[in-house]
Amino acid sequence: MIEFINKNTEAEYESFIASHPKGHFAQSHMWGRQKCSWEFKAAVARGADGKIKGSMAFLIRRAPLFGCSMMYSCRGPVCDTGDEETFSRLIAAAKILAKRYKAYVIKIDPDVPAENTGFAAMLERHGFECVSRGKGFEGAQPKFVFRLHLDGRDASEIFLSFSQKTRYNLRKAQRSGVEIRLGGTEDVDDFERLMLITGRRDRFTVRGAEYFRSMLEIFGDNARLYMAYYEGVPIAGAITVAFGDKVWYLYGASADEHRDKMPNYLLQWSMICWALERQCRIYDFRGVSGDLSEDNPLYGLYRFKKGFGGEFTEFIGEYDLVLDRLMNFCVGSSIRLYRGLRGLLK
């Protein structure tokens, strides 16, 4: 049986994805509310006992100039990766939505490691095509991440698993007088200012204060803003989200000054400790480059996250089920043109 979630079944749906090993905050209604320019729809497949055994949430965005839509299931589906019968039912539900919204493509980037070739083969049997073959940050979500498996260990065991250099930098931040405080919506302006500094320094586009403020309000106790202070001045910050048995580090920023005080190390440790307090299974550092050569400009990010003892994880990447190839080409070309012009303007 296939059904689409409504207000009466939303709590049951949220409970299912929060308890499932493949559950992800981006499959939650909270993320749907955060992405207010998209429409959120979720489908579930039930077993013979009437309980949910698989689910898949979609963000749907209209392309008004073309009279069609794109459907995107961020880190979906949530089901046993070997259960093709459930997966087939979820894709059947996706196609019903696609017809309703005149979707030209269904995009997914599952929380499935690259070595799971069986799942990749299943995607291809259902008509999906792999579209993420690079080693950078080309996709909507990072293909390469660092994940720290907490595995029931306590804080002292986790700390001792860090590299010697990471432990040294953590202690240096503490000795230097860096103070970590939990921030609220009133601290978002300071965080945005640090994000703007970081974006200029590292050349990436920065979201505005309202986006971060909205995230803290929508996710409530499941989101935290950590701020690092030196002599009372904010010098770094980070936003993290918890859902089910995982915590994700989503956004980080730092000032140009006092980086030698190593505030980012202390921020990461504070967020890892939150994951331990919640008895989570995984702390996810999120994206790194898949190019691990030391001359890669992003190698420093890899080295920083690697020092915390996490596991370098490659996902199977982004897959498209193209429903209208001509429209997929036209919309894709217009998006690439827009991004190119935006880059030139910057």
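Analysis parameters
- Residues numbered from 1 in each chain as written.
- Predicted model: local features only at pLDDT ≥ 70, side-chain atom pairs only at ≥ 80, totals over all residues.
- Heavy atoms only, no water.
- Helix = DSSP H or I, 4+ residues; strand = E, 2+ residues; numbered from the N terminus.
- 1 Å grid on protein atoms, 1.4 Å probe; cavity = no way out; pocket = protein on both sides within 12 Å on 5 of 7 lines; lining within 4 Å.
- Points joined across faces, edges and corners; volume = space filled by probe spheres on them.
- Nonpolar A, V, L, I, M, F, W, Y, C, P; charged D, E, K, R; others polar.
- Pairing = 2+ DSSP bridges.
- Axes fitted to C-alpha atoms, helices over the stretch in contact; angles between N-to-C directions.
- Contact = heavy atoms within 4.5 Å.

**Examining unusual backbone geometry**
Across the junction of Gly 76 and Pro 77, the peptide omega takes the value 5 degrees, indicating a cis bond. Counting through the fold element by element, Pro 77 comes out in the loop between β4 (68–73) and α3 (84–101). Non-glycine residue Arg 75 carries a positive phi angle of around 60 degrees. Along the chain, the position of Arg 75 falls in the loop between β4 and α3. Unlike most non-glycine residues, Arg 203 shows phi in positive territory, near 60 degrees. One can find Arg 203 in the loop between α7 (188–202) and α8 (209–219).

**Concerning the layout of surface pockets**
Empty space within the second largest pocket amounts to approximately 220 Å³. Mapped onto the lining of the second largest pocket, the elements with two or more residues apiece are β7 (144–149) and β13 (311–314). Ranked by residues supplied to the lining of the second largest pocket, first place goes to β13 with four residues. For the lining of the second largest pocket, the residue count by class is six nonpolar, two polar and eight charged.

**Some words on empty space enclosed by the protein**
Inspection of the entire model under this criterion finds two cavities of 30 Å³ or more. Size it by volume and the second largest cavity reaches roughly 40 Å³. Taken together, His 24, Arg 75, Asp 111, Pro 142, Val 145, Arg 147, Trp 248, Asp 284, Arg 286 and Phe 315 form the lining of the second largest cavity. Among the secondary structure elements, those contributing two or more residues to the lining of the second largest cavity are β7 and β12 (282–287). Tallied by class, the residues present in the lining of the second largest cavity amount to four nonpolar, one polar and five charged.

**Here we look at the sheet that holds β7**
Taking strand neighbours across the sheet as the criterion, the seven strands line up as β8-β9-β10-β11-β12-β7-β13 in an open arrangement whose pairing is mixed. Each end of this open sheet is capped by a strand with a single partner; those strands are β8 (179–183) and β13. When the angles between neighbouring strand axes are averaged without regard to direction, this sheet yields 30 degrees. Sheet topology note: the strand β9 (residues 223–230)/strand β10 (residues 233–243) ladder contains eight bridges and is antiparallel. Within β10, the position partnered with Tyr 226 by the bridge is Ala 238. Against the sheet, helix α10 (residues 299–306) contacts β7, β11 (246–254), β12 and β13, and its axis sits at roughly 175 degrees relative to β12.

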